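Spelled out from the first residue to the last, the chains are:
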Amino acid sequence: MKLFTLLLLPVLAYAVDWYPIDSKGEIPTNIKPYIKGQDVPFDCIQRNIDNGEHKFDDKDKIIYGPFPKCKETNKPLMFQYGINQDLNCTIQFTDELYHLFQLYLHEDVPFSCRLPLSSEPLSIEKGGASIPLTFNFRGTLSDSHIDIDHSMNVVLTKPANDNVDEFTFISAIAYGSG
Ligand SMILES: *[C@@H]1O[C@H](CO)[C@@H](O)[C@H](O)[C@H]1NC(C)=O
């Protein structure tokens, strides 16, 4: 078991170039904006435990799956749009996660997730754009155990204006900051 405390910091951007990714490599036009406080679900790249390589489906597409479930909510970690908050998320270390965290702490592979720009359910699956959200965990590895900094800052940048039509994301990062 590992407890993570996450400090969520919404940051405002005043002049932005968009670098979204949609399936056609174009700037997305049909974003359904978030509502302040709305849940923002996100998913993460699934990796092989032996070498950290992506898992692929039978069409050679990278497989994304949920963030590990938090004991507190019994759901994968989720943020609320535009809300500054402290969150606790205790995750159960399965054998698989233990191996993967060795790779993450060793910086062999990143813990890579993605945030959908549109609040429409399953928007990415429907071809919608996302931005990357990487969790940079800090910690030390030894033969018998791993120590992880369990305090994380999560910074999510959004457009600075209050135009509700632009309630989406510009960039995101999460880093150990105990
Ligand atoms: C997170 O957990 C700590 C330690 O159990 C507790 O003191 C704190 O109130 C919790 N914070 C939230 C936001 O639940």
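On a predicted model such as this, the values are computed, not experimentally measured, just so you know.

A.B. asks: Could you give an account of empty space enclosed by the protein, with specific residues and numbers?
C.D. replies: Considering all chains together, one arrives at 2 cavities of 30 Å³ or more under this definition. As a volume, the largest cavity reaches approximately 60 Å³. Leu8, Leu9, Pro10, Gln80, Tyr81, Gly82, Ile83, Leu156, Lys158 and Phe169 are the residues that line the largest cavity. Breaking the lining of the largest cavity down by element, the ones donating at least two residues are strand S1 (2-13) and strand S13 (151-159). With 3 residues, the single largest contributor to the lining of the largest cavity is S1. A per-class count over the lining of the largest cavity returns 7 nonpolar, 2 polar and 1 charged.

A.B. asks: Residues and numbers for the state of the cysteines, please.
C.D. replies: Inspection of the entire model under this criterion finds 2 disulfides. The disulfide that involves Cys44 links it to Cys113, with 2.2 Å between the sulfurs. With the S-S dihedral at roughly 90 degrees, the linkage between Cys44 and Cys113 falls on the right-handed side. Here Cys44 is found in strand S3 (residues 43-45), whereas its partner Cys113 is found in strand S9 (residues 111-116), with 69 residues between them in sequence. Here Cys70 pairs with Cys89 through a disulfide, and the sulfurs are 2.1 Å apart. A torsion of -90 degrees about the S-S bond marks the disulfide between Cys70 and Cys89 as left-handed. Within this pair, whereas Cys70 is found in strand S5 (residues 69-70), its partner Cys89 is found in strand S8 (residues 85-91), the two being separated by 19 residues in sequence.

Reading the values: the criteria
Residues numbered from 1 in each chain as written. Predicted model: local features only at pLDDT ≥ 70, side-chain atom pairs only at ≥ 80, totals over all residues. Heavy atoms only, no water. 1 Å grid on protein atoms, 1.4 Å probe; cavity = no way out; pocket = protein on both sides within 12 Å on 5 of 7 lines; lining within 4 Å. Points joined across faces, edges and corners; volume = space filled by probe spheres on them. Helix = DSSP H or I, 4+ residues; strand = E, 2+ residues; numbered from the N terminus. Nonpolar A, V, L, I, M, F, W, Y, C, P; charged D, E, K, R; others polar. Disulfide = S-S within 2.5 Å.

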